[in-house]
Amino acid sequence: MSLSHFEAAVLFALITSIVLGIVTKKTDRERIRYAAYCFACFVGTLFGLGWLMYLGHR
Amino acid sequence: MPADSLAPKEPTPPLKLWLPAVAAAWFVPGLGHFLLKRPIRAMLLFSSVVVMFAAGLLMRGTFFEPQTGDLLNTVIYVGGFLGDLASGLLYLVTVWFGYAQPDVAGHVHDYGTKFLVGAGLLNVLAMVDAYEIATGKKE
């Protein structure tokens, strides 16, 4: 299996967010919201660091 | 003396209350939750750990082998080995079937190695959660 940096990082973010949602919150609603929040943070950081590296290499 | 040290310590829960669930959670990801009658969470944890572990294998990630030397090497290799081992049966079966990917350069292999350790670390979170459920600290 050959994934790009982006695909591998998004897959990692998705799975990790699901587990973090399950183990940290008490109700299902809170779990879903927290998993979505974690995923958004992961992906936001991914884009932020991506742009930082792009601009740093110009 | 700080006030915290004067507070009475919480008694440690008896082993038989939490050990079976935590051991099962280590051996098969999600099994601890299943034994504690949380089947949906068990299924989600099992799927998450298995998918991450399988992705790591498909990317031909490397398993860490415990090595000692300087502090950084020890932390990385022993920590990585413990992370791999935390996947339980998945790790044991994979090694038993002879999977031995050499450490080669390339971002895909590197991600694979991290996915394999990551699967174990996610299982550690699941084990802690199983412990908290078994001891009544959490629903």
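In this report, the structure presented in the accompanying data block is examined.

Quick notes on the rules
- Residues numbered from 1 in each chain as written.
- Chains lettered and ligands numbered in written order.
- Predicted model: local features only at pLDDT ≥ 70, side-chain atom pairs only at ≥ 80, totals over all residues.
- Axes fitted to C-alpha atoms, helices over the stretch in contact; angles between N-to-C directions.
- Helix = DSSP H or I, 4+ residues; strand = E, 2+ residues; numbered from the N terminus.
- Left-handed = near helix turned anticlockwise from the far one by under 90°.
- Contact = placed C-beta atoms within 7 Å.
- Nonpolar A, V, L, I, M, F, W, Y, C, P; charged D, E, K, R; others polar.
- Core = buried A, V, L, I, M, F, W, Y, C linked by C-beta atoms within 7 Å.
- Buried ≥ 20, exposed ≤ 12 C-beta atoms within 10 Å, placed from the backbone.
- Parallel < 35°, antiparallel > 145°, perpendicular 65-115°, else oblique.

**Let's talk about the packing of helix α5 (residues 71-85) of chain B against helix α7 (residues 107-134) of chain B**
Residues and elements named next belong to chain B.
No. 1: Packing of α5 against α7 leaves a shortest axis separation of 7 Å and a crossing angle of 65 degrees. As α5 runs across α7, the sense of the crossing is left-handed. Mapping the contact onto sequence places Gly80, Gly83, Asp84 and Leu85 in α5 and Leu116, Val117, Gly120 and Leu121 in α7.
No. 2: Residues of the contact of α5 with α7, tallied by class, amount to 4 nonpolar, 3 polar and 1 charged.

**Some words on the nonpolar core**
No. 1: Within the largest apolar cluster, 42 residues are counted, with the highest numbers of intra-cluster contacts made by A:Val19, B:Ala25, B:Met52, B:Phe115, B:Leu122 and B:Ala126.
No. 2: Where this core is concerned, the elements lending two or more residues are α1 (5-24) of chain A together with α2 (15-27), α3 (31-35), α4 (39-58), α6 (89-96) and α7 of chain B.
No. 3: With 13 residues, α7(B) is the largest single contributor of residues to this core.
No. 4: Apart from residues no more than four positions distant in its own chain, B:Leu122 is found in contact with A:Thr16, A:Val19, B:Ser48, B:Val49 and B:Met52.

**Description of the packing of α4(B) against α7(B)**
Residues and elements named next belong to chain B.
No. 1: Contact pair α4 / α7: the axes reach a minimum separation of 7 Å and the direction vectors enclose 160 degrees. Classified by the interaxial angle, the pair formed by α4 and α7 is roughly antiparallel. You can see that α4 and α7 cross each other, and the crossing is left-handed. On α7, the residues touching Leu45, Ser48, Val49, Met52, Phe53, Ala55 and Gly56 of α4 are Gly112, Phe115, Leu116, Gly118, Ala119, Leu122, Asn123 and Ala126.
No. 2: Its residues placed into classes, the contact of α4 with α7 shows 10 nonpolar, 5 polar and no charged.

In short, the description is geometric, and any link to function would need to be established separately.
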